[in-house]
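Overview (structure and organization)
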Amino acid sequence: MISEKCLRQYAELAVRLGVHVQKGQLLVIKAQVDSAPFVRLCVEEGYRAGAGEVVVLWQDDQLTKLDYDYADTAVLQRVPDWLVAREQEFVDRGYCILNIDSSIPGIMKDVDQQKVQQVVAARRKALEKFQNYTMANEGQWSIIAIPNPEWALKVFPDETPEAAVEKLWNAILASVRIQKDQDPIALWEKHNQELSAHNDWLNRQQFASLHFKNQKGTDLVVELAEGHIWEGGCEKSQHGVVFNPNMPTEENFTMPKRTGVQGRVQATKPLSYQGKLIQNFWIEFEQGKAVRWHAEEEEAALASLIEFDEGSAYLGEVALIDVDTPISQSGILFYNTLFDENASCHLALGRAYPMNMEGSQDMSEEEMKAKGCNFSMVHVDFMFGSDDMQITGVHADGTEVVFFKDGKFCIEA
């Protein structure tokens with residue numbers, strides 16, 4: 001059994017270092033109903049950390065599937081005025097948000113993909129104006145995860161449900177640096193410093209493009225946006241509050257140039273998207289746009305992602321991750337992007353993070369687009385790193401620097 005001490009440490013880490021709730025601030029928590037015992041710990045830690053109010057928004061994957069199975073598409077597409085008003089109130093009150101993921105991989109496997117696409121598109125369009133609150137770090141946000149039996153058995157299929165859940169708990173806690181007799185907040189502060197050192201080196205280089213190549217089938221050139229900034233680890237909100245958006249995190253990431261991606265990328269891990277598990281897929285890009293693709297399983301889901309809107313066929317993020325990270329070394333396939341993306345270099349289809357472009361806070365959307373920023377209603381990461389990945393940075397004058405070899409950084413940051 002996982003001790004209450006470890007669970008409380010995790011809750012404290014999420015609240016104090018993840019969203020870093022401020023005195024008197026509204027803390028919103030989104031979580032699955034089955035996560036209630038752990039959510040209660042997070043609520044308590046939120047108040048102990050000084051939150052003025054904690055609001056919990058409950059979700060249930062099983063109920064969501066029933067909605068898709070039985071309700072009409074038009075009914076599910078409707079976004080009531082009260083929901084929009086609620087989001088506006090949260091923004092007006094300067095909230096921070098903690099997402100506690102406990103989704104079930106593949107739960108939407110048998111649901112009509114076109115129906116899912118239509119519903120998700122309608123809901124995101126209705127709430128699009130609120131997307132920048134997190135994408136542009138207007139306020140603090142963080143994502144963590146806890147196990148459920150279905151997910152645990154997907155990761156550890158040879159175990160009993162109870163044993164699988166315990167093993168997944170242990171793997172999650174290890175990934176967020178909760179270790180026996182050590183202070184996880186101190187460990188995270190050291191980890192953030194290490195990621196910051198790589199950011200500093202990459203920002204000094206200001207590469208014009210990156211060339212990714214391995215034996216798995218990836219041969220891809222990614223131009224970087226004008227004035228791009230490398231980020232990773234802790235971030236800072238527009239109000240100056242330092243927070244950690246992803247726990248775990250092992251990445252250094254920046255903004256690709258929207259029209260500057262050429263070549264082929266081969267995914268090295270499955271992608272869980274809208275309840276479907278996309279397996280063994282590749283994508284080819286020309287002038288930044290995905291023009292050809294194939295998946296051995298759930299190709300329709302991959303197509304629906306790429307064709308979601310005008311910007312979803314272009315990249316919004318490129319992230320570098322060393323194969324020596326704890327998640328990668330664990331050898332566990334989590335079937336969950338929060339973890340699997342931190343075991344592997346990854347790309348994201350869709351919207352770019354404005355914080356990855358210098359001066360973006362003072363730019364219009366058109367000005368950002370002119371410098372190479374991509375816009376979309378989606379942002380979906382997929383993994384393509386490997387232990388033989390080589391990355392060559394190319395400067396504007398054509399000089400090249402191999403700074404990532406055999407799946408890891410080979411520079412002195």
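That block above? That's the structure.
Reference entry: report on the structure contained in this document. (Residues numbered from 1 in each chain as written. Predicted model: local features only at pLDDT ≥ 70, side-chain atom pairs only at ≥ 80, totals over all residues. Heavy atoms only, no water.)

Description of the sheet that holds strand E1 (residues 26-32)
Test applied: A strand pair is defined by DSSP finding two or more bridges across the two strands. Put simply, DSSP H or I for four residues or longer makes a helix, DSSP E for two residues or longer makes a strand, and each gets a number counted from the N terminus. Every axis in this analysis is a line fitted to C-alpha atoms, fitted for helices over the stretch in contact. Angles between the N-to-C directions lie between 0 and 180 degrees. Whether two residues are in contact is decided by their heavy atoms: any pair within 4.5 Å suffices.
Pairing is parallel across the open sheet formed by four strands, whose spatial order is E2-E1-E3-E4. Both outer strands of the open sheet, strand E2 (53-59) and strand E4 (141-145), are each paired with one neighbouring strand and no more. Averaged over all pairs of adjacent strands, the angle between strand axes in this sheet comes to 15°, irrespective of strand direction. Where strand E3 (residues 96-101) and E4 come together, five bridges link them in parallel fashion. Among the inter-strand pairings, Leu98 is bridged to a residue of E4, identified as Ser142. In this fold helix H2 (residues 36-48) packs onto E1, E2, E3 and E4, with an angle of close to 160° to the strand it touches most, E2.

Description of unusual backbone geometry
Formally: We call a residue buried when its accessible area falls under 20% of the maximum for its residue type, exposed when it is over 50%, and partly exposed in between, using a 1.4 Å probe and counting protein chains only.
A cis geometry characterises the amide bond from Met247 onward to Pro248, with omega recorded as 15°. By the element assignment, Pro248 lies in the loop between strand E8 (242-243) and strand E9 (252-254). Within the chain, Gln206 stands out as a residue other than glycine whose phi angle is a positive 45°. Of note, Gln206 is situated in the loop between helix H10 (184-205) and strand E5 (209-213). Classification of Gln206 by relative accessible area gives partly exposed; the value is 36%. Of note, the phi angle at Tyr335 is positive, near 55°, even though the residue is not glycine. One can find Tyr335 in the loop between helix H12 (326-330) and helix H13 (337-340).

Brief notes about the packing of helix H1 (residues 4-18) against H10
Inclusion rule: Here roughly perpendicular refers to angles of 65 to 115 degrees, roughly parallel to angles under 35, roughly antiparallel to angles over 145, and oblique to all remaining angles. Crossings are classed by handedness, with left-handed meaning an anticlockwise turn of the near helix from the far one by less than a right angle and right-handed meaning a clockwise turn. Polar here means any residue other than Ala, Val, Leu, Ile, Met, Phe, Trp, Tyr, Cys and Pro, which are nonpolar, and Asp, Glu, Lys and Arg, which are charged; Gly is therefore polar.
Where H1 contacts H10, the two axes come as close as 10 Å, and the packing angle between them is 45°. If you check the angle between H1 and H10, you find them oblique. The interaxial crossing formed by H1 with H10 has right-handed handedness. From H1, Gln9, Leu13 and Leu17 reach across to H10, where they touch Pro184, Ile185 and Trp188. Its residues placed into classes, the contact of H1 with H10 shows five nonpolar, one polar and no charged.

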